[in-house]
Amino acid sequence: MNSALWIAVLASALGTLLLRLVPLLWMRRRLRKLDGEEGVDAMPQWLTILGPLMIAAVLGVSLVPHRLDAIGWLASASGVLVTLGVWYRLRSLGWPVVAGVAAFGAVVILASLWS
Amino acid sequence: MTLQATSMPTRPWLTGVREAIPLLGGYLPVAISFGLIAAQAGFTPWEATLISLLVYAGASQFLFVGMVASGAPLWLVVAMTLLINVRHMVYAPNLAPWLGQSRWWPWLMHGLTDQVFALAHHRLPQLAAAQRLGWYTGAALLAWASWVAGTALGAVAGEWVVARWPLLGEIMPFALPALFLALLAPQFTSRRWSLALMISIITALLCTLLGYTNIGIPVAAACGALCFYAVRFTTPHRGGNDE
């Protein structure tokens, strides 16, 4: 890489870090100003709502299968159902993920054997 | 890996590492793909790895490499990279009430990706204050290390890995939606929240299908938020709390 490209990499890295870091400093100052309030109560309401909704949006993006055919969607639907089913029973994080990936993988592997 | 407990028998950073392991299923295949694409675009393995180490933001790295390879002006490459990452601005303030005053926290924000945020947003409130820094450090470092290692592997041996285990790259990424599902499931506490979350999920899914993945994330979250407020304003008061 030439020096101009290195500068572009460093500018992107620094900019990305600042996008993640500066809002933390702003929120810390806000929390200090509202000293005495519980942390969550001191947050603007829109922010407490936006957090889970951003996770939901990232979930929506990641749900789209790599292969956009019936097998891909069937595998995704199976993975979702099994993940939710195991979560409902165990209320934990690790096993639902393992079970969901296994269900997704089982459909993909069976489909590859079939074709 | 049950997450309801508020105290941990083991060291917090180790628990963070253990609880971030599901992230690897999504990170490694994508990082290997990035390394492979960067190598094909003319970057050396060393350069591709450094980009992952320094920028550490998946989608924008793909864009960066693609735009550089197509000869786009560098100022535009940087601007577009940062534009994609603007969504990260809401993450740290959401975690701030659970982050102490340690001088390490601002630097640890380098590791605050979409996935680490989702995990931390769910987990930090459950932990004792003294355990949060260690837990976050363990989780974020594992995710970062896997991203960097996956990039290096992809740049050096990506083509061989893809040829050797073609189905692995197709199956393992489902770990990410499965993890997000398990993280979000406890949020479905009312009809109002359920509707807002479903609107966000479906909007983001449709945006991705239409090819607008990155802009789809903030747009979908905004649609969900609008729904959340609209439902509150239009639902007649019946004496119950629907929040």
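Throughout, a residue's number is its position along its own chain's written sequence, starting from 1. Numbering of ligands from 1 and lettering of chains from A proceed in the order in which they are written. With pLDDT at 70 or above as the cut-off, local features in this predicted model cover only qualifying residues; side-chain atom pairs require 80 or more to be listed or tallied, and sums for whole chains, interfaces and linings still use all residues. Hydrogens and water molecules were not included; the side-chain quantities draw on all heavy atoms of the structure.

Trainee: When you look at the overall build of chain B in this model, what are you seeing that I'm missing?
Mentor: Helix numbering and strand numbering both begin at the N terminus, where a helix is a DSSP run of H or I of at least 4 residues and a strand a DSSP run of E of at least 2. Secondary structure summary: chain B contains 13 helices and 0 strands in total. Ordered by position from N to C terminus, the α and β elements of chain B give α-α-α-α-α-α-α-α-α-α-α-α-α. Two things to know: the radius of gyration comes from C-alpha atoms, and the globule rule equals 2.2 Å times the number of residues to the power 0.38. By the compact-globule yardstick of 18 Å for 243 residues, chain B fits well, its C-alpha radius of gyration being 20 Å. Only protein chains enter the accessibility calculation, which uses a 1.4 Å probe; a residue is then buried when its area is under 20% of its type maximum, exposed when over 50%, and partly exposed in between. The burial tally for chain B puts 52% of its 243 residues in the buried class. Contacts in chain B between residues far apart in sequence, at least 24 positions, make up 74% of those at least 6 positions apart. Contact criterion: two residues are considered in contact whenever any of their non-hydrogen atoms come within 4.5 Å of each other.

Trainee: Would you take a moment to explain the domain arrangement of chain B for this structure?
Mentor: By convention, interface size is frequently given as the accessible area that disappears when the constituent parts associate. A domain assignment, automatic or from a database, supplies the domain bounds used here. Per the domain assignment, the segments of chain B are domain 1 (12-172) and domain 2 (188-243). Taking the mean C-alpha position of each, domain 1 of chain B and domain 2 of chain B sit 27 Å from one another.

Trainee: I'm lost on the packing of helix 4 (residues 70-90) of chain A against helix 5 (residues 94-114) of chain A in this one. Help?
Mentor: A packed helix pair is summarised by two numbers, namely the angle formed by the two axes and the spacing between the axes. Residues and elements named next belong to chain A. Axis lines are fitted to C-alpha atoms, over the contacting stretch for helices. Their N-to-C directions set the angle, which ranges from 0 to 180 degrees. Close contact between helix 4 and helix 5 brings their axes to 7 Å; oriented N to C, the two are set at 155 degrees. With respect to their mutual orientation, helix 4 and helix 5 come out roughly antiparallel. For the element pair helix 4 and helix 5, the recorded crossing hand is right-handed. Across from Ile-71, Gly-72, Leu-74, Ala-75, Ser-76, Ser-78, Gly-79, Val-82, Thr-83, Val-86, Trp-87 and Leu-90 in helix 4, the residues of helix 5 making contact are Trp-95, Pro-96, Ala-99, Gly-100, Ala-103, Phe-104, Val-107, Val-108 and Ala-111. Per-class residue counts for the contact of helix 4 with helix 5 are 15 nonpolar, 6 polar and no charged. Here the word oblique covers every angle except those under 35 degrees (roughly parallel), over 145 (roughly antiparallel) and from 65 to 115 (roughly perpendicular). It is the rotation of the near helix from the far one that decides the hand of a crossing: anticlockwise by less than a right angle makes it left-handed, clockwise makes it right-handed. Amino acids are sorted into nonpolar (Ala, Val, Leu, Ile, Met, Phe, Trp, Tyr, Cys and Pro), charged (Asp, Glu, Lys and Arg) and polar (every other residue, Gly among them).

Trainee: Hey, could you run me through the nonpolar core in this one?
Mentor: Note that soluble globular proteins tend to have their nonpolar side chains buried in a common cluster. Among the nonpolar cores identified, the biggest contains 81 residues, and Leu-23, Met-109, Leu-112 and Tyr-136 of chain B are the most heavily contacted of them. Once residues within four sequence positions are removed from consideration, Met-109 of chain B is found in contact with Leu-17, Arg-20, Leu-21 and Leu-24 of chain A together with Ala-92, Leu-99 and Tyr-136 of chain B. What is meant by a nonpolar core is a set of buried Ala, Val, Leu, Ile, Met, Phe, Trp, Tyr and Cys residues, joined one to another through side-chain atoms within 4.5 Å.

Trainee: Looking at this model, I keep getting lost on the domain arrangement of chain A. Mind explaining?
Mentor: Domain parsing of chain A yields domain 1 (1-45) and domain 2 (64-115). Summarising the inter-unit geometry, the C-alpha centres of domain 1 of chain A and domain 2 of chain A are found 36 Å apart.

Trainee: Just to check I follow, could you spell out the interface of chain B and chain A for this structure?
Mentor: Each side of the interface is counted separately: chain B has 86 residues, and chain A has 71 residues. Computed with a 1.4 Å rolling probe, the buried area is the accessible surface lost when two parts are put together, summed over both parts. Contact with chain A buries surface across chain B, with Glu-170, Phe-174 and Leu-181 of chain B losing the most and accounting together for 10% of the total. Throughout this description, a polar contact denotes any pair of N or O atoms lying within 3.5 Å of each other; where both atoms belong to protein, one of them has to be capable of donating a hydrogen while the other can accept it, and for residues adjacent in sequence the pair is counted only when both atoms sit in side chains. Our count for the chain B to chain A interface comes out at 8 residue pairs in polar contact (both at pLDDT 80 or more). No other element matches helix 11 (residues 175-184) of chain B, which puts 10 residues into the side of chain B that touches chain A. Looking at the side of chain B that touches chain A, its residues break down into 63 nonpolar, 18 polar and 5 charged.

Trainee: When you look at the side chain of Arg-20 of chain A in this model, what are you seeing that I'm missing?
Mentor: Relative to the helices and strands, Arg-20 of chain A resides in helix 1 (residues 3-33). By the counting scheme adopted, Arg and Lys are positive, Glu and Asp are negative, and His together with the chain ends is not counted. Salt bridges are defined by distance alone: a side-chain nitrogen of Lys or Arg within 4 Å of a carboxyl oxygen of Asp or Glu. Comment: no salt bridge for buried Arg-20 of chain A; closest opposite-charge side chain is Asp-114 of chain B, at 7.2 Å. A distance of 2.9 Å separates the side chain of Arg-20 of chain A from the backbone oxygen of Tyr-56 of chain B, its partner in a polar contact. Polar contacts involving the side chain of Arg-20 of chain A include one to the side chain of His-88 of chain B, which spans 3.0 Å. Residues in contact with Arg-20 of chain A, not counting those within four places in the same chain, are Val-55, Tyr-56, Ala-57, His-88, Ala-92, Met-109, His-110, Leu-112 and Thr-113 of chain B.

Trainee: I keep staring at the environment of Ile-202 of chain B and nothing clicks. Help me out?
Mentor: Looking at the secondary structure, you find Ile-202 of chain B in helix 12 (residues 191-209). Ile-202 of chain B sits 22 residues away from Gly-224 of chain B along the chain, and the two C-alpha atoms are 9.7 Å apart.

Trainee: Could you clarify how one ought to interpret the pattern of salt bridges in this entry?
Mentor: Residues and elements named next belong to chain A. This structure, assessed with the given rule, holds 2 salt bridges over all chains. Among the ionic pairs, Asp-69 bridges to Arg-67, the shortest N-O distance being 3.1 Å. Classification of Asp-69 as partly exposed rests on a relative accessible area of 32%.

Trainee: Can you help me understand the environment of Arg-132 of chain B in this one?
Mentor: Residue and element names in this part refer to chain B. Tracing the chain through its elements places Arg-132 in helix 9 (residues 129-164). In this structure the C-alpha to C-alpha distance between Arg-132 and Trp-160, which are 28 residues apart in sequence, comes to 40 Å. Apart from residues lying up to four places away in sequence, Arg-132 is in contact with Trp-98, Trp-105, Leu-124, Pro-125 and Leu-127. There is a polar contact of 3.4 Å between the side chain of Arg-132 and the backbone oxygen of Trp-98.

Trainee: Please clarify how a nonpolar patch on the surface should be interpreted in this entry.
Mentor: A cluster of nonpolar side chains, contributed by Leu-68 and Trp-73 of chain A together with Phe-188, Met-198, Ile-202, Leu-206 and Leu-209 of chain B, occupies part of the molecular surface with about 620 Å² of accessible area. As for its placement among the helices and strands, Leu-209 of chain B is situated in helix 12. Residue Leu-209 of chain B is classed as partly exposed on the basis of its relative accessible area of 38%. For patches, a residue must show more than 30% relative accessible area and have no salt bridge; joins then use 9 Å for like charges and 5 Å for nonpolar side chains, namely Val, Leu, Ile, Met, Phe, Trp and Tyr. Method for areas: the Shrake-Rupley scheme with a 1.4 Å probe, in which residue coverage is limited to the protein chains shown.

Trainee: Hey, could you run me through the confidence of the model for chain B in this one?
Mentor: Note: predicted coordinates in regions of low pLDDT should not be interpreted at a detailed level. Residues and elements named next belong to chain B. Residue-level confidence of the predictor, termed pLDDT, takes values from 0 up to 100. This prediction gives chain B a mean pLDDT of 85; 91% of its residues lie at or above 70. Low pLDDT (under 50) marks residues 1-5, which in the prediction has 16 contacts with non-local residues, meaning those over four places away or in another chain. In the model, residues 238-243 has pLDDT below 50 throughout and makes 9 contacts with residues more than four positions away in sequence or in other chains.

Trainee: How should helix 1 (residues 12-19) of chain B be read in this particular structure?
Mentor: Residues separated by three or four positions in an α-helix point in the same direction, a consequence of the helix having 3.6 residues per turn. Taken together, the buried positions of helix 1 of chain B are occupied by Thr-15, Gly-16 and Glu-19 of chain B. Each buried residue of helix 1 of chain B lies within a common arc of 105 degrees when the element is viewed along its axis, so the set occupies one face. Directions pointing from the helix axis toward each C-beta atom define the arc.

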